[in-house]
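Architecture at a glance
Listed here are the chains, written in short residue letters.
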Amino acid sequence: MKLGRLNHIGVATPSIAESIAYYRDTMGATAITEPFAMPEQGVKVCFVDTPTDSGLNGTQIELIEPLDDGSPIHGFLAKNPLGGQHHVCFEVEDIGKAREWFEGKGKRILGPTRIGAHGTPIFFLHPKDMMGQLTEIMETPKGAAH
Ligand code: CO
């Protein structure tokens, strides 16, 4: 397996609207996507772009708000009421090979490979097997900036 770029950092928030205002008004972000619900994941998400010299492929901040009390983010916010860093997401060229690689290393994978917020396959790795960091692996989008 070859590590790809850091696609995004997932940040849980009790209010996606307040977080958007923070990134825009305090951090000076100029490119923030419209929030959209992912009901099967129990979350609403949007992405804050960070620029690069080329204007493409900047690492993003993924803002994540729970849709309801059953959301996987709900417990995280109960422990961290202000929100905060929830996961990191690295790209790989081939999601199937990456899954085999981590399985071969005895790393626990949380659930099936599924389609993530960028429309490409993703899976999550257990933080206790990943030096304390909930880690998302996503297949690099083909022929797209993200
Ligand atoms: Co993510």
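Quick summary incoming for the structure in this document.

**As for the coordination of the cobalt ion**
The protein atoms that coordinate the cobalt ion are His8 (NE2), Glu62 (OE), His87 (NE2) and Glu136 (OE), at distances of 2.0 to 2.1 Å. Geometry at the cobalt ion is irregular, judged from the four donor atoms that bind it and their angles of 88 to 176 degrees at the metal. Along the chain, the residues that donate to the cobalt ion are spaced as H-x53-E-x24-H-x48-E. Separated by 74 residues along the polypeptide, Glu62 in strand β4 (residues 60-66) and Glu136 in strand β8 (residues 135-139) bring together distant segments of the chain. A relative accessible area of 6% means that Glu62 is categorised as buried.

**Focus on the environment of Ile20**
Counting through the fold element by element, Ile20 comes out in helix α1 (residues 16-25). Distance in space between the C-alpha atoms of Ile20 and Thr33 is 9.4 Å, their sequence separation being 13 residues. Contacts of Ile20, omitting those with residues within four sequence positions, involve Ile32, Pro35, Cys46 and Leu63.

**Describing the sheet that holds strand β2 (residues 36-38)**
Reading across the sheet, the eight strands line up as β2-β3-β4-β1-β5-β8-β7-β6 and stay open at both edges, with mixed pairing between neighbours. Both edges of this open sheet fall to β2 and β6 (109-115), since each of them pairs with a single strand only. Averaged over all pairs of adjacent strands, the angle between strand axes in this sheet comes to 25 degrees, irrespective of strand direction. Here strand β1 (residues 6-12) pairs with strand β5 (residues 84-92) via six bridges, running antiparallel. Bridged to Gly10 within β5 is His87.

**Quick word on the side chain of Asp129**
Among the structural elements, Asp129 can be located in the loop between β7 (121-125) and β8. According to the relative accessible area criterion, Asp129 is buried, its value standing at 16%. Reaching out from Asp129, the side chain makes a polar contact with the backbone nitrogen of Arg108 at a distance of 2.7 Å. Discounting chain neighbours no more than four positions away, the residues touching Asp129 are Gly106, Lys107 and Arg108.

**Some points on unusual backbone geometry**
Of note in the backbone geometry, Met131 takes a positive phi value of approximately 55 degrees without being a glycine. Along the chain, Met131 turns up in the loop between β7 and β8.

**Section: helix α2 (residues 72-79)**
Buried residues of α2: Ile73, Phe76 and Leu77, and no others. Projected down its long axis, α2 shows its buried positions confined to an angular sector of 95 degrees, all on one face. Opposite its buried face, α2 presents the exposed residues Ala78 and Lys79, each directed more than 90 degrees away.

**Notes on α1**
Regarding α1, the residues found buried are Ile16, Ser19, Ile20 and Tyr23. Here the buried residues of α1 occupy an arc of 100 degrees about the axis, which is enough to place them on one side. Exposed residues lying more than 90 degrees from the buried face of α1 are Ala17, Glu18 and Asp25. In this fold, the buried residues of α1 make contact with β3 (43-49) and β4.

Definitions and cut-offs
Residues numbered from 1 in each chain as written. Predicted model: local features only at pLDDT ≥ 70, side-chain atom pairs only at ≥ 80, totals over all residues. Heavy atoms only, no water. Donors = N, O, S within 2.8 Å, 3.2 Å for Na, K, Ca; no water. Tetrahedral: all angles 85-135°; square planar, octahedral: opposite > 155°, others 65-115°. Helix = DSSP H or I, 4+ residues; strand = E, 2+ residues; numbered from the N terminus. Buried < 20%, exposed > 50% of the residue type's maximum accessible area, 1.4 Å probe, protein only. Contact = heavy atoms within 4.5 Å. Pairing = 2+ DSSP bridges. Axes fitted to C-alpha atoms, helices over the stretch in contact; angles between N-to-C directions. Polar contact = N/O pair within 3.5 Å; in protein donor to acceptor, adjacent residues only side chain to side chain. Arc of directions from axis to C-beta.

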